[in-house]
Amino acid sequence: MTTQALHTFAAIEEARRQTILKDLSPTEMTMIAGFSIHWRDRQPLTILGAMRTFDRLSPSTVHRHLQKLRAQGAIDVTPDTVDSRIKYVIPTPALLTALETIASAAAQQAAA
């Protein structure tokens, strides 16, 4: 790993510690990363879909982490407008701000 890569990684970690992501476990960070692919591509992500996204985690484990992410203000759950049994996992404005902070720190370090 190059010195520049180490500096970039350190900048990302320092930025993460200044956001709502500071208290998330590695598993929850991995979940956010996986969910971000759906959100980036504007694909709706249901709770059931979220549970199926991670084949190495049991559905109950994913559900427990979803509850923690929601309690920490990283995600929200919104019902479908047609079928209220379907719930969608969406990023909160606080999460989007945190991700932007991290992306900005990485870009600044890469430009240095």
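Structure shown above.
Quick caveat: nothing in here was measured; it's all calculated off a predicted structure.

**What to know about the pattern of salt bridges**
Stage number 1. According to the stated counting rule, one finds six salt bridges in the structure shown.
Stage number 2. The closest approach of N and O atoms between Arg 16 and Glu 13, which form a salt bridge, is 2.5 Å. Residue Arg 16 and its partner Glu 13 are both found in helix α1 (residues 3–16); the two are separated by three residues, about one turn of the helix.
Stage number 3. By relative accessible area, Arg 16 is classed as buried at 14%.
Stage number 4. On the accessibility criterion, Glu 13 (22% relative accessible area) is partly exposed.

**Here's the deal with unusual backbone geometry**
Stage number 1. Of note, Arg 42 is a non-glycine position whose phi angle comes to about 55°, a positive value.
Stage number 2. Tracing the sequence through the fold places Arg 42 in the loop between α2 (26–40) and α3 (47–53).

**A closer look at the packing of aromatic side chains**
Stage number 1. Taken as a whole and judged by the stated rule, the model has two aromatic pairs.
Stage number 2. An aromatic cluster is present here, built from Phe 35, Trp 39 and Phe 54 joined pairwise through their rings.

**Topic: the side chain of Glu 28**
Stage number 1. Inspection of the secondary structure puts Glu 28 in helix α2.
Stage number 2. There is a polar contact of 3.4 Å between the side chain of Glu 28 and the side chain of Lys 68.
Stage number 3. Dropping the residues within four chain positions of it, Glu 28 is found in contact with Asp 23, His 65, Lys 68, Leu 69 and Gln 72.

**Some points on α2**
Stage number 1. With 15 residues, α2 ought to run about 21 Å at 1.5 Å a step, and its terminal C-alpha atoms sit 21 Å apart, in line with that.
Stage number 2. The set of residues buried in α2 consists of Glu 28, Met 31, Ile 32, Gly 34, Phe 35 and Trp 39.
Stage number 3. Where the residues of α2 are buried, they touch α3, α4 (59–71), β1 (75–79), β2 (87–91) and α5 (93–111).
Stage number 4. Just beyond α2, the residue with positive phi is Arg 42, at close to 55°.

**Considerations on the nonpolar core**
Side chains that are nonpolar tend, in soluble globular proteins, to be buried together.
Stage number 1. Core analysis: the biggest nonpolar cluster contains 21 residues, and Met 31, Phe 35, Trp 39, Leu 66, Leu 69, Ile 75 and Val 89 have the highest contact counts within it.
Stage number 2. Counting residues per element, the ones that place at least two in this core are α2, α3, α4 and α5.
Stage number 3. Leave out the neighbours within four places in its chain, and Met 31 touches Phe 54, Val 62, His 65, Leu 66 and Leu 69.

**Structural notes on the side chain of Arg 16**
Stage number 1. Within the structure, the side chain of Arg 16 is placed 2.9 Å from the backbone oxygen of Leu 21, a separation counted as a polar contact.
Stage number 2. Excluding anything up to four places from it in sequence, Arg 16 contacts Leu 21, Lys 22, Leu 24, Met 29 and Ile 102.

**Structural notes on the environment of Leu 96**
Stage number 1. Take Leu 96: it is sitting in helix α5.
Stage number 2. A C-alpha to C-alpha distance of 9.7 Å links Leu 96 and Ile 75, two positions 21 residues apart in sequence.

Quick notes on the rules
All residue numbers refer to positions counted from 1 along the written sequence of the respective chain. The predicted nature of this model means local features are confined to residues of pLDDT at least 70 and side-chain atom pairs, given and counted, to a pLDDT of 80 or more, with totals for whole chains, interfaces and linings taken over all residues. The side-chain quantities take in all heavy atoms of the structure and omit both hydrogens and water. The salt bridge criterion pairs a side-chain nitrogen of Lys or Arg with a carboxyl oxygen of Asp or Glu, the two atoms within 4 Å. Secondary structure elements are defined from DSSP: runs of H or I of at least 4 residues count as helices, runs of E of at least 2 residues count as strands, and each element is numbered from the N terminus. Exposure categories follow from relative accessible area, calculated using a 1.4 Å probe and restricted to protein chains: below 20% of the type maximum is buried, above 50% is exposed, and the middle band is partly exposed. Side-chain rings of Phe, Tyr and Trp (the six-membered ring for Trp) are treated as a pair once their centres are within 6.5 Å; stacked means planes under 30 degrees apart, edge-to-face means over 60, and tilted covers the remaining angles. Within 3.5 Å is the distance limit for a polar contact, defined as a pair of N or O atoms, with the added protein rule that one can donate a hydrogen and the other accept it, and that residues adjacent in sequence qualify only through two side-chain atoms. A contact between two residues is defined here by any heavy atoms of the two lying within 4.5 Å. Expected span of a helix, by definition, is 1.5 Å for each gap between consecutive residues, and there is one gap fewer than residues. Note on terminology: a nonpolar core comprises buried Ala, Val, Leu, Ile, Met, Phe, Trp, Tyr and Cys residues joined through side-chain atoms within 4.5 Å.

Shape is all these values report; function is a separate question.
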